[in-house]
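Listed below, chain by chain, are the residues.
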Amino acid sequence: MKHRIVLTRARGFIAGALVLATAGALLRGANGERRAVKTDRFGVYRFSNVARNRIYQLSVTYRQYEFTPRLIMVREENINNFNFTALQ
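About the criteria used
Residues numbered from 1 in each chain as written. Predicted model: local features only at pLDDT ≥ 70, side-chain atom pairs only at ≥ 80, totals over all residues. Heavy atoms only, no water. Phe/Tyr/Trp six-rings, centres within 6.5 Å; stacked < 30°, edge-to-face > 60°. Buried < 20%, exposed > 50% of the residue type's maximum accessible area, 1.4 Å probe, protein only. Pairing = 2+ DSSP bridges. Helix = DSSP H or I, 4+ residues; strand = E, 2+ residues; numbered from the N terminus. Axes fitted to C-alpha atoms, helices over the stretch in contact; angles between N-to-C directions. pLDDT = per-residue confidence, 0-100. Contact = heavy atoms within 4.5 Å.

**Some details on the packing of aromatic side chains**
Enumeration according to the criterion identifies 2 aromatic pairs in this entry. Ring geometry for Tyr 45 versus Phe 47: centroids 6.1 Å apart, planes at 70°, classification edge-to-face. Given the relative accessible area of 1%, Tyr 45 is considered buried. Between the aromatic rings of Tyr 62 and Tyr 65, the centroid separation amounts to 6.1 Å while the plane-to-plane angle is 15°, which identifies the pairing as stacked.

Below is the structure:
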């Protein structure tokens, strides 16, 4: 069963508090499903209609910066402030 899940606020803090517009956010499911979106000008990304009670890997890409992919167990209808910070 799928429910509307919204994951918001992909923000990379690079050289201060720089918001990453047009960064790529990739959501990967255990079944191999991949969904990609771009952040908006405020650094916000959203995925809709994500199945609950499953584990996903969420990663962000932006130019030369590196981000550690994170695992997320989707249990709630809306997940907010799942942020990313660049390693460099």
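**Considering the sheet that holds strand β4 (residues 34-38)**
Reading across the sheet, the 4 strands line up as β4-β3-β6-β7 and stay open at both edges, with antiparallel pairing between neighbours. With partners counted over all chains shown, the strands left at the sheet margins are β4 and β7 (70-74), one partner each. Along the sheet, successive strands turn relative to each other by an average axial angle of 25°, direction set aside. Both strand β6 (residues 54-61) and β7 contribute to a ladder of 5 bridges, which runs antiparallel. Counterpart to Leu 58 in the pairing with β7 is Arg 70.

**Let's talk about the confidence of the model for the protein**
A residue-level look at the protein finds 78% of positions with pLDDT of 70 or above and a mean pLDDT of 78. In the model of the protein, strand β1 (residues 2-3) stands out as the element of lowest mean pLDDT, 46, in contrast to β4, which has the highest, 93. Note that residues 1-5 has pLDDT below 50 and, in this model, 21 contacts with residues that lie over four places away or in other chains.

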